[in-house]
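One letter stands for each residue in the lines below.
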Amino acid sequence: MTVTVRFAPSPTGRIHIGNARTALFNWLFAMNNKGRYIQRFDDTDVGRSKQEFADSILYDLHWLGIFPDVTEYQSRRVDIYDAAVERLKAARVLYACYETPEELDLRRKVRRTRGLPPVYGREALTLTPEQVAEYVSDGRRPHWRFLLPNFTSDPLQPERTEVRWNDLVRGEETVDLASLSDPVLVREDGTYLYTLPSVVDDIEMGVTHVIRGDDHVTNTGVQIALFQALGAEPPIFGHHNLLTTVSGEGLSKRTGALSIESLRQDGIEPMAVASLAVLVGTSENVTAAHDLNELAAHFDPAATSKSAAKFDPDELFVLNRTLMHQMPFEEARDRLIVLGISGDKAESFWLAVRGNIDRLSDAVAWWRILSDGPQEPAEFSGEDRDFLHQAFDLLPEEPWNGTVWKDWTGKIKEATGRKGKPLFMPLRLALTGRTSGPELADLLPLMGREGTLARRP
Ligand code: GLU
């Protein structure tokens, strides 16, 4: 059977790095198993779901290197869920409930004071036809609950009923169905909550592996029961730990915190995001993978820790710098052209500066310094100025070979007696206007003799 996974966000905001973790776990799992990846939008909540968010999620995924085999929207599949509802009703495992939220709240409180778990007591199953008729004539519409299979013959006497699965990430997992309320599958207005459409789609779309955050572990107990009620074999489940901020807060799509979009705008490379999103909170070292194939080779769902993974955005900058330092010119070329960096010097320019930049766009400032001179000319003491005049007079004639910097500074040292920082710093300042940066030996040939002399203070 073809391994088939899906990433199923609700399109209610931009995705953040934690969502990217789920998407990438699925994508890499599919890559490693020659499988299919379905992009599914869980957009049954019509009030909060927006097409523009779905579009931006697809954009962000493409940016990360994820190209779904198919894209599905739950809002377009309601007929299929309706048919499943009819089957569950016919099997008498979906039942109508008429309680208002206030009534349910009150009941929970009563149960708590009696020392009972605050789960739904299945009171709707005890309604007489007259009571139902009364609710209906009052204009109440039912919501529908799934009768969890946690009893022998009397649903009002639930018993410990363990659902077990071997989790791809967490190993043996157990959920006791008697500790849970019968989940509401259909709201009063006929719209669906997430639980049922997800199962129906996983069946219909042939999903073999459900890889998602560990906030869904309890749902899995319920959903396995639902797969069985619909006569289907449950898929294999894997629940990865969630990412939190350094102070331990969860990430939210709604707040836009650490959104993929904002990281892109900050100049973070997709592979820096992907490397951290996948490797943080696992037994693998967090290093910058250069492409998803390399990352896939380091990816093992079972190597993921069970506790929350703290995520430090500063690590993204560290990974980004590594990617910059190692980026071959061929990879940078087109992006540099867009930044106005092209021509026969572009390659040696890139190789000279890549080790000194945090993000690709930082190359622009260096390109300007090399083509137009220091952005702000440096101030020099009278002594340094004299030194520099002497130094510039010693600049070798062209043609230059690869040792021009060494030859030049050798002559300067000999003539002026300066060495080390007092020799190099005034030169660096005069040539670039900055106190640090790429090797001057690499920059000098890019400036040429004329360009160098133009920087004589
Ligand atoms: N829409 C659900 C979520 O974003 C999907 C969970 C699942 O993968 O089943 O949490």
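Preceding this paragraph is the structure being described.
The model shown is predicted, which means the values in this text are computed figures rather than measured ones. (Residues numbered from 1 in each chain as written. Predicted model: local features only at pLDDT ≥ 70, side-chain atom pairs only at ≥ 80, totals over all residues. Heavy atoms only, no water.)

Participant: I'd love a proper account of the site of the ligand, names of residues and values included.
Facilitator: Near the ligand, the surroundings consist of Arg-6, Ala-8, Pro-9, Asp-42, Tyr-194, Ser-198, Arg-212 and His-216. The side chain of Tyr-194 places a nitrogen or oxygen atom 2.5 Å from an oxygen atom of the ligand. Interatomic distance of 2.7 Å between a side-chain N/O atom of His-216 and an oxygen atom of the ligand. When the ligand sits alone it has 300 Å² of accessible area, and the protein chains cover 80% of it. When its residues are assigned to classes, the shell around the ligand shows three nonpolar, two polar and three charged. (Near = heavy atom within 4 Å. Polar contact = N/O pair within 3.5 Å; in protein donor to acceptor, adjacent residues only side chain to side chain. Areas by Shrake-Rupley, 256 points an atom, 1.4 Å probe, with all protein chains shown as cover. Nonpolar A, V, L, I, M, F, W, Y, C, P; charged D, E, K, R; others polar.)

Participant: If you had to explain the sheet that holds strand 4 (residues 94-97) to someone new, which residues and values would you point to?
Facilitator: In space, the three strands of this open sheet follow the order 4-5-8, with antiparallel pairing throughout. At either margin of the open sheet sits one strand with a lone partner, and together these are strand 4 and strand 8 (184-186). Taken pair by pair, the neighbouring strands of this sheet meet at an average axis angle of 45°, ignoring direction. Here strand 5 (residues 143-146) runs beside strand 8; their pairing, made up of two bridges, is antiparallel. (Pairing = 2+ DSSP bridges. Helix = DSSP H or I, 4+ residues; strand = E, 2+ residues; numbered from the N terminus. Axes fitted to C-alpha atoms, helices over the stretch in contact; angles between N-to-C directions.)

Participant: How would you sum up the sheet that holds strand 3 (residues 70-73)? Please name residues and give values.
Facilitator: Spatially, three strands are ordered 1-2-3 in an open sheet, and the strand pairing comes out parallel. Pairing within the sheet leaves two strands with one partner each, and these edge strands are strand 1 (4-7) and strand 3. Within this sheet the neighbouring strands show an average axis-to-axis angle of 30°, counted without direction. Bridge analysis of strand 2 (residues 36-41) against strand 3 gives four bridges, and the strand direction is parallel. Opposite Ile-38, over in strand 3, you have Val-70 as the bridge partner. This element, helix 1 (residues 17-32), spans strand 1 and strand 2 of the sheet and lies at about 165° to strand 1. (Contact = heavy atoms within 4.5 Å.)

Participant: Could you give me a rundown of the pattern of salt bridges, with the residues and numbers involved?
Facilitator: Inspection of every chain in the model, using the stated rule, returns 27 salt bridges. The salt bridge involving Asp-214 is made with Arg-170; its shortest N-O contact spans 3.7 Å. Of the two residues, Asp-214 is situated in the loop between strand 9 (209-213) and helix 7 (217-229) and Arg-170 in the loop between strand 6 (162-167) and strand 7 (171-176); the sequence distance between them amounts to 44 residues. Salt bridges linked by common partners bring Arg-6, Arg-40, Asp-42, Arg-77, Asp-201 and Asp-202 together as one network. (Salt bridge = Lys/Arg side-chain N within 4 Å of Asp/Glu carboxyl O.)

Participant: Tell me about the nonpolar core, residues and numbers included.
Facilitator: Counting residues in hydrophobic clusters, the biggest one holds 49 residues, and the most contacted among them are Ile-17 and Leu-295. For this core, the elements supplying multiple residues, two or more each, are strand 1, helix 1, strand 2, helix 2 (51-64), helix 8 (260-265), helix 9 (270-279), helix 10 (292-298) and helix 11 (313-326). For this core, the element with the highest residue contribution is helix 1, accounting for nine residues. In terms of nonpolar packing, the next biggest core, distinct from the first, is built from 39 residues, Val-353, Leu-388, Val-404 and Leu-446 among them. (Core = buried A, V, L, I, M, F, W, Y, C linked by side-chain atoms within 4.5 Å. Buried < 20%, exposed > 50% of the residue type's maximum accessible area, 1.4 Å probe, protein only.)

Participant: Describe the environment of Val-353, with residues and values.
Facilitator: Within the fold, Val-353 resides in helix 13 (residues 346-353). When the C-alpha positions of Val-353 and Asp-442 are compared, they lie 8.6 Å apart, and in sequence the two are 89 residues distant. Ignoring any residue separated from it by four or fewer positions in sequence, one finds Val-353 in contact with Ala-363, Trp-366, Pro-438 and Leu-443.

Participant: For unusual backbone geometry, give the residues involved together with the corresponding values.
Facilitator: Across the junction of Glu-398 and Pro-399, the peptide omega takes the value 0°, indicating a cis bond. With respect to the secondary-structure elements, Pro-399 resides in the loop between helix 15 (382-393) and helix 16 (404-416). A positive phi angle, close to 50°, is found at Lys-34, a residue other than glycine. Within the secondary structure, Lys-34 is located in the loop between helix 1 and strand 2. The exposed category is assigned to Lys-34, whose relative accessible area is 74%. With phi around 60°, Arg-92 is a residue other than glycine that occupies positive phi space.

Participant: Residues and numbers for the packing of aromatic side chains, please.
Facilitator: Inspection of the entire model under this criterion finds 11 aromatic pairs. Between the aromatic rings of Tyr-81 and Tyr-192, the centroid separation amounts to 5.6 Å while the plane-to-plane angle is 75°, which identifies the pairing as edge-to-face. In this pair, Tyr-81 is assigned in helix 3 (residues 78-90) and Tyr-192 in the loop between strand 8 and helix 6 (195-204), connecting sequence segments 111 residues apart. According to the relative accessible area criterion, Tyr-81 is buried, its value standing at 0%. Classification of Tyr-192 as buried rests on a relative accessible area of 5%. Taken together, a centroid distance of 5.2 Å and an interplanar angle of 10° make the contact between Tyr-98 and Tyr-135 stacked. (Phe/Tyr/Trp six-rings, centres within 6.5 Å; stacked < 30°, edge-to-face > 60°.)

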